[in-house]
Amino acid sequence: MLFLVASLTQLAGADPVGSPRSGDGPGRVAALPRVPSGAATGTATVATAPSAALPAPPPVGDLAANGIPGVALNAYRVAAARVGGADPRCGIDWALLAAIGRVESDHGRFGGATLRADGTSVPKIIGPALDGVRFPYVPAPADGMALDGDARYAHALGPMQFIASTWALYGASATGTGPGDVFDINDAALGAARYLCAAGGDLRTHDGLVRAVLAYNHVDAYVATVIALADAYRGGVPVSGIPIGDISGALPPLRATGTPPPA
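Residues numbered from 1 in each chain as written. Predicted model: local features only at pLDDT ≥ 70, side-chain atom pairs only at ≥ 80, totals over all residues. Heavy atoms only, no water.

Looking now at the overall build of the protein chain. A count of helical and extended segments in the protein chain gives eight helices and five strands. Taken from N to C terminus, the helices and strands of the protein chain fall in the order β-α-α-α-β-β-β-α-β-α-α-α-α. Relative to its full complement of 263 residues, the protein chain shows a buried share of 56%. Accessible surface computed for the protein chain: about 10,400 Å², of which carbon and sulfur atoms make up 59%. (Helix = DSSP H or I, 4+ residues; strand = E, 2+ residues; numbered from the N terminus. Buried < 20%, exposed > 50% of the residue type's maximum accessible area, 1.4 Å probe, protein only. Areas by Shrake-Rupley, 256 points an atom, 1.4 Å probe, with all protein chains shown as cover.)

In C-alpha cells:
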C-alpha cells in the first residue's frame, strides 16, 4: 500500500480546534498582511472592512503559468461558482480555494505526487497520524483502514486535507453523485468551499475572511499567508518563493459554526 505522508502541519502550540498550508520560484508574494495574535481565538478581532468587488479572474493560461494545474484550476472555479450560486451571501471565490490548495498540497502535488486528469493524486496525499504526540489526538473513523490504512488514529486526507469526520459533514460530489471522494480535487474543493462559507459567513469582509481561514487552520501565520496568496492569484502576481509546508499549523478542518450551503 503506497502512502504519501504529507507533513503539512507542524504543531506549534496552536488551539486543537483549528486546522491545515503554500508555494515557489522567481517571483515573490507581496508582504504578508499582519493578523493580530488575538485573531487566533476563533473569532476575528480585526475591524470589519468590506472588500471591493472581486475582479474577474485572470485568463486561464496565465493562472496555469502561475503554478496551478488546469485540473486544479477548474476544480476551484467550479466549486466557487457552485457554492457562490447556492449561497450568494458568502462571496467565496476561486482564488481563496487556490490559496488553500497551494498551501495544503501544492494543488495535489505535495511531495512529488502527480495530479491526474481525473482529479486524483498518485500516490494519495495522507497527512501524519493525529496521535496526541506531535498533534492533538483524533481517533480513527470506523473506515480508517480503508481510508488511510490506520485503524487507530485519524489522518488529514486529500488535496485539501480534511479529516473524515469533517468530510462527513461538508464533503460533496462535484458530479452530484454520492458523498464525494476526499482524494479527488474536484470534490475536495467543493467541500472546502462549503466549509469556508459555513465558518466565515461573508467572505467579502475581512472579519469573515479571517474567521473562515482560521477555522481551516488556527494559526495566524497561516491566515496571513493564505490571504496574501489569494490576493496574488487574483492579481496574476507570481506566487513562487514560499516553500510548501513552511507555515506552522495545527489540525485539518474539524468543524465550522454555520450551516453548509447546498452542494
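Looking now at the state of the cysteines. Taken as a whole and judged by the stated rule, the model has one disulfide. Sulfur-sulfur distance for the disulfide between Cys90 and Cys197 comes to 2.0 Å. Between Cys90 and Cys197 the sulfur-sulfur dihedral comes to about -85°; the bridge is accordingly left-handed. Separated by 107 residues along the polypeptide, Cys90 in the loop between α2 (70-86) and α3 (94-105) and Cys197 in helix α6 (residues 185-200) bring together distant segments of the chain. Residue Cys90 is classed as buried on the basis of its relative accessible area of 0%. Since its relative accessible area comes to 1%, Cys197 is described here as buried. (Disulfide = S-S within 2.5 Å.)

Generally, phi is negative for residues other than glycine and the peptide bonds are trans, each holding for most cases. The step from Val122 to Pro123 runs through a cis peptide bond, and the omega angle for that step is -5°. By secondary structure assignment, the location of Pro123 is in the loop between β3 (121-122) and β4 (125-129). A positive phi is found at Gln161, a non-glycine position, where the angle reads about 55°. Looking at the secondary structure, you find Gln161 in the loop between β5 (155-157) and α5 (164-170). A residue is classified by how much of its surface remains accessible, and Gln161, at 3% relative accessible area, is buried.

Let's shift gears to the nonpolar core. Among the nonpolar cores identified, the biggest contains 59 residues, and Tyr76, Ile92, Trp94, Leu97, Leu196 and Tyr216 are the most heavily contacted of them. When residues of this core are traced back to their parent elements, those giving at least two are α2, α3, α5, α6, α7 (206-216) and α8 (220-235). Per-element accounting of this core gives the leading share, eleven residues, to α6. Judged by nonpolar contacts, the second largest core, of five residues, contains Leu130, Val138, Ala154 and Ile163. (Core = buried A, V, L, I, M, F, W, Y, C linked by side-chain atoms within 4.5 Å.)

So, on to the confidence of the model for the protein chain. Averaged over all residues, the pLDDT of the protein chain is 76; the fraction at 70 or higher stands at 70%. For the protein chain, the element scoring lowest by mean pLDDT is strand β1 (residues 4-5), at 32; α6 scores highest, at 97. pLDDT under 50 marks residues 1-55. Its contacts with residues more than four places away, or in other chains, come to 180 contacts. (pLDDT = per-residue confidence, 0-100. Contact = heavy atoms within 4.5 Å.)

So, on to α7. Among the eleven residues in α7, nine count as buried, and that is most of the element. By the burial criterion, the buried members of α7 are Asp207, Gly208, Leu209, Val210, Ala212, Val213, Leu214, Ala215 and Tyr216. Contacts from the buried residues of α7 go to α3, α6 and α8.

Our focus in this paragraph is the pattern of salt bridges. Applying the stated criterion across every chain yields a total of seven salt bridges. Linking Arg116 and Asp118 is a salt bridge whose minimum nitrogen-to-oxygen distance equals 3.2 Å. Assessed through its relative accessible area of 41%, Arg116 is described here as partly exposed. A salt bridge links Arg234 to Asp231, with the nearest nitrogen and oxygen atoms 2.8 Å apart. In this pair, Arg234 and Asp231 are both assigned in helix α8, three residues apart and thus about one turn of the helix distant. Looking at Arg234, the relative accessible area reads 16%, which means it is buried. The class for Asp231 is partly exposed, based on a relative accessible area of 45%. The network of salt bridges with shared partners includes Asp93, Asp231 and Arg234. (Salt bridge = Lys/Arg side-chain N within 4 Å of Asp/Glu carboxyl O.)

Moving on, we get to the packing of aromatic side chains. According to the stated counting rule, one finds seven aromatic pairs in the structure shown. Note on Phe162 and Tyr216: the rings are 6.1 Å apart at their centroids and 70° apart in plane angle, and the pair reads as edge-to-face. With a gap of 54 residues between them, Phe162 in the loop between β5 and α5 and Tyr216 in helix α7 connect regions that are remote in the sequence. You'll find Phe162 and Tyr216 in the same group, each marked buried. On the basis of an interplanar angle of 90° and a centroid distance of 5.8 Å, the ring pair of Tyr195 and Tyr216 is categorised as edge-to-face. Taken together, the positions of Tyr195 in helix α6 and Tyr216 in helix α7 put the pair 21 residues apart, joining distant regions of the chain. Tyr216 shares its class with Tyr195; the two are buried. (Phe/Tyr/Trp six-rings, centres within 6.5 Å; stacked < 30°, edge-to-face > 60°.)

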